[in-house]
Structure formats: structure tokens, C-alpha cells
Amino acid sequence: MTTLTIRRPDFEWPSDLPVLPLPDDPSRSCELVALSFTLPYLEPYLIRTMRMAAKEDLDADLAAEMKAFSGQEAQHYKNHARVNDVVRSQLSADGAARMAALEDALDADYRRFSAEKSLAFNLAYAEGFEAMTFALARSVLRLAGVEGVVPAWADLLAWHLAEEIEHRTVTFDAYEAIVGSYPQRIAVGSYAQVHFLRHLLGMAKVLQNDTVDADVTMRQVVGQAAKRNWRNGTIPQTLRALSPTYNPRNVVIPDEVVMIAATQGVDLA
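Residues numbered from 1 in each chain as written. Predicted model: local features only at pLDDT ≥ 70, side-chain atom pairs only at ≥ 80, totals over all residues. Heavy atoms only, no water.

Caption draft 1: Broad picture of the overall build of the protein. Counting secondary structure elements, the protein contains 10 helices and zero strands. Listing the helices and strands of the protein from first to last along the sequence gives α-α-α-α-α-α-α-α-α-α. The C-alpha atoms of the protein give 18 Å as radius of gyration, which agrees with the globular expectation for 269 residues (18 Å, within 12%). With the principal axes as the frame, the protein shows a C-alpha extent of 50 × 40 × 35 Å. Burial status across the protein gives 55% buried among its 269 residues. (Helix = DSSP H or I, 4+ residues; strand = E, 2+ residues; numbered from the N terminus. Rg over C-alpha atoms; globule rule 2.2 N^0.38 Å. Buried < 20%, exposed > 50% of the residue type's maximum accessible area, 1.4 Å probe, protein only.)

Caption draft 2: Up close: the side chain of Asp109. Of note, Asp109 is situated in helix H3 (residues 93-116). At a separation of 2.7 Å, a polar atom in the side chain of Asp109 contacts the side chain of His195. (Polar contact = N/O pair within 3.5 Å; in protein donor to acceptor, adjacent residues only side chain to side chain.)

Caption draft 3: Just helix H10 (residues 255-262), in detail. For H10, the set of buried residues is Val257, Val258 and Ala261. Buried positions in H10, seen along its axis, are confined to an arc of 100° and lie on one side of it. The exposed set on the far side of H10, more than 90 degrees from its buried face, consists of Asp255 and Met259. (Arc of directions from axis to C-beta.)

Shown next, in the form of C-alpha cells:
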């Protein structure tokens, strides 16, 4: 049995969908859109990792959760690929070409990890990423939900972030069942977060250069993101996952997050 639901929302995005989800916060907008651009490469990698892990001798309930996790991730990346196409069509030719180069590099990294790295590495990477996005989802939904976000973007983000919280235990449980090494979880998980953020912030810079400020530097983009994610709690919550006693199922989900998730049909209570 699995507690996860594979939802198939029917989003509609106009061809003139605003590139910036938060018109009053261009920097945060570009970070959120950059996150969307990473997902058609990151989430298939997570699915491949779960498929490799499924060949191990696993508890039936965990195997079912891993399969459902992959089903959710497939819906995520397919919908983000669609909205990314809408955004890409509104970038300049140079901006679109620069974004495509970064997408290709990220895709190549994940394909190389799947082909060359051990299952232990890939499971630890998956858990490092999921620990970070679990923290991001809680922080974003706790502070303001999707208030002020362009409605078409808000629907996508609320659904995705709610499901990130719903499936928060899957990669952790898979890693613990198959590998279980705390030092490796921390070492590879930390590498995963730095690796992913390097690509994400590179994409955010392309978006800022193309739509907000042609002169913004990488140092400025990184500084903006660091300050924002420290203040909203994403970085402190991610750091707490470094504890040897960390288990995502023991993290208390704030009531306001539970309420927002419920609007997307996700029961976190």
C-alpha cells in the first residue's frame, strides 16, 4: 500500500504567460522559474534512481512508495517542461540559447551520474535534493503560500510544493534501507545541493539578464538568493537535515502549510 496519490492536474498556460511569477519581486521570480527549468532533467534522474533501487530486496510498502514517488515526479517534470516552453518562447534568441546550453549541461551531468555512479551515490544525491526541496516547500508555503504570484504560476507551484512535502520520506527511507551510511548521506547530499544550486543560479542569472537586468552578475544573483533563503528559513531548515537524528517524518508541518496543501487535494494532517 502507498499513502501517495499520483495527481494529473490539467493546467492551462496562455502563450503570453508572464515570465515573472512574482511581478513585484523579479529576483525571486527568476529563481522560481530557474527551478522550473531544472526539473525536466533532475526529476527523470530521480526516477531512474528509484528504478535502480527497486531491483534491491525491499519491503513491499517501501517499494510501493518509491513507485508512487516516481509517478508524482513524472507529472511534475512533464508539466514544468510545458510551462518552460512557454517561458522559452518569450526569451530573446541569445537568452534562449544560453538557457539551452545550461539545460544540456545539467542533463549531461544527470545522465552521467546514472550511468557511472553507484546506487549509493545516486540515492544519497536524491535524498540531499529532497531534503532541500522539503525545506523550500515548507518555507515558501508557511510564509505567504502563493500570495502575490500570477494565478497560472500559483496553481503549478502550490501543487508541486505540496507534493514535495507529501513524498518527503521516500528517498530518505530508500537510502536508509539500501545504504544507511550517515557520513555518505551528508557528504553526497551536501554535494548534491551545491551541484544543483550552481546550475539553478546560473539559469536564474540568464533569466535576470534577459528580463530584468542585463548587467546583474553571478555574485549578485548568489547573494540575493542566499539572503532570501536564509530569511525565509530554507537554508536553516536544510542545515537541520545534516543531523544524525534527522528523519523527515518527524518534522512538524505548520498548520498554514497543511491548509494550503489541502487546497491542492494533498492531505498533510
